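Architecture at a glance
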Amino acid sequence: QSALTQPHSISGSPGQAVTISCTGTSSDVGGYDFVSWYQQHPGKSPILIFYDVSKRPSGVPIRFSGSKSGNTASLTISGLQAEDEADYYCSSYAGNSWVFGGGTKLTVL
Amino acid sequence: EIQLLDSGGGLVQPGGSLRLSCEASGFTMKNYAMAWVRQAPGRGLVWVSAITGSGRSAYYADAVTGRFTISRDNSKNTLYLQMISLRVEDTAVYYCAKASSYSTSWPLDNWGQGTLVTVSS
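Summary of the structure given here. (Residues numbered from 1 in each chain as written. Chains lettered and ligands numbered in written order. Predicted model: local features only at pLDDT ≥ 70, side-chain atom pairs only at ≥ 80, totals over all residues. Heavy atoms only, no water.)

**Here's the deal with the packing of aromatic side chains**
A complete count under the given rule lists 12 aromatic pairs over all chains for this structure. With 5.5 Å between their ring centres and 75° between their planes, Y38(A) and W111(B) make a pair best called edge-to-face. With Y38(A) in strand β3 (residues 35-40) and W111(B) in strand β10 (residues 108-111), the pair connects residues from two separate chains. W111(B) matches Y38(A) in its accessibility class, with the two residues each being buried. Ring plane angle 75° and centroid distance 5.8 Å describe the contact between Y95(B) and W111(B), whose orientation is recorded as edge-to-face. Pair noted here: Y95(B) is in strand β9 (residues 92-99) and W111(B) is in strand β10, with a separation of 16 residues, a long-range link. Looking at Y95(B), the relative accessible area reads 6%, which means it is buried. These aromatic residues form a ring-pair network of at least three members: Y32(A), F34(A), Y93(A), W98(A), W47(B), Y59(B) and W106(B). (Phe/Tyr/Trp six-rings, centres within 6.5 Å; stacked < 30°, edge-to-face > 60°. Helix = DSSP H or I, 4+ residues; strand = E, 2+ residues; numbered from the N terminus. Buried < 20%, exposed > 50% of the residue type's maximum accessible area, 1.4 Å probe, protein only.)

As structure tokens, then:
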């Protein structure tokens, strides 16, 4: 149950696109199409923004997209907005357990 | 409106015990798997435990296996996490969360506000 690997931080200017990677192994990310992404603003509870790699819950803007290739999943945010500044966590099913990534702090410049 | 109200956190000495509760409203709890996720101060999210809607099956992270027990009382719409033999490294905000019915992978689509557990002498 080792944590998935995410970049510690990433930044972008308003209107730009950024991509956050999430690397695991064949026992988690690579073994299942069961990757979720969560957004967490400071002092708030996490919010689900993607599940099953690329499925978007209602209310999540379409400028957010999710994908996966091999053992690495990715979250792309297009047309960055100030309110996107937050921490982002990936998570994967790992066979009767779940594992989160270490989190990525997104800064909108 | 779905609401999850976490409670039961506090200060406990190493080796002590604590029981967390999560009172659910706005949905039929027995129809959904539930989970606990924790977050140490200034750190990332860590999955702790999950339980099926019926309560028949439970799953645990290696770090808490044998020390934590997840359970639920669907008649009271309440989820529990019994924690024993607590360690300093268990210090964290503990969130309860509801699993979505849209996927068998149990993505967590509603979260409580969290309750802080501090393990210190």
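**Here's the deal with the interface of chain A and chain B**
Taken together, the contacts link 18 residues of chain A with 24 residues of chain B. Carbon and sulfur atoms make up 60% of the surface buried where chain A meets chain B, a total of about 1,700 Å² over both sides. Area buried by chain A at its contact with chain B is led by Q1(A), W98(A) and F100(A), which between them contribute 36% of it. Linking chain A with chain B are zero salt bridges. Viewed at the interface, chain B and chain A are joined by eight residue pairs in polar contact (both at pLDDT 80 or more). For the side of chain A that touches chain B, the elements supplying multiple residues, two or more each, are β3 and β8 (98-100) of chain A. The element contributing the most residues to the side of chain A that touches chain B is β3(A), with three residues. (Contact = heavy atoms within 4.5 Å. Buried area = accessible area lost by both parts, 1.4 Å probe. Salt bridge = Lys/Arg side-chain N within 4 Å of Asp/Glu carboxyl O. Polar contact = N/O pair within 3.5 Å; in protein donor to acceptor, adjacent residues only side chain to side chain.)

**Quick word on the side chain of S100(B)**
Residues and elements named next belong to chain B. Looking at the element boundaries, S100 is found in the loop between β9 and β10. For S100, a relative accessible area of 5% gives the class buried. A distance of 3.0 Å separates the side chain of S100 from the backbone nitrogen of Y102, its partner in a polar contact.

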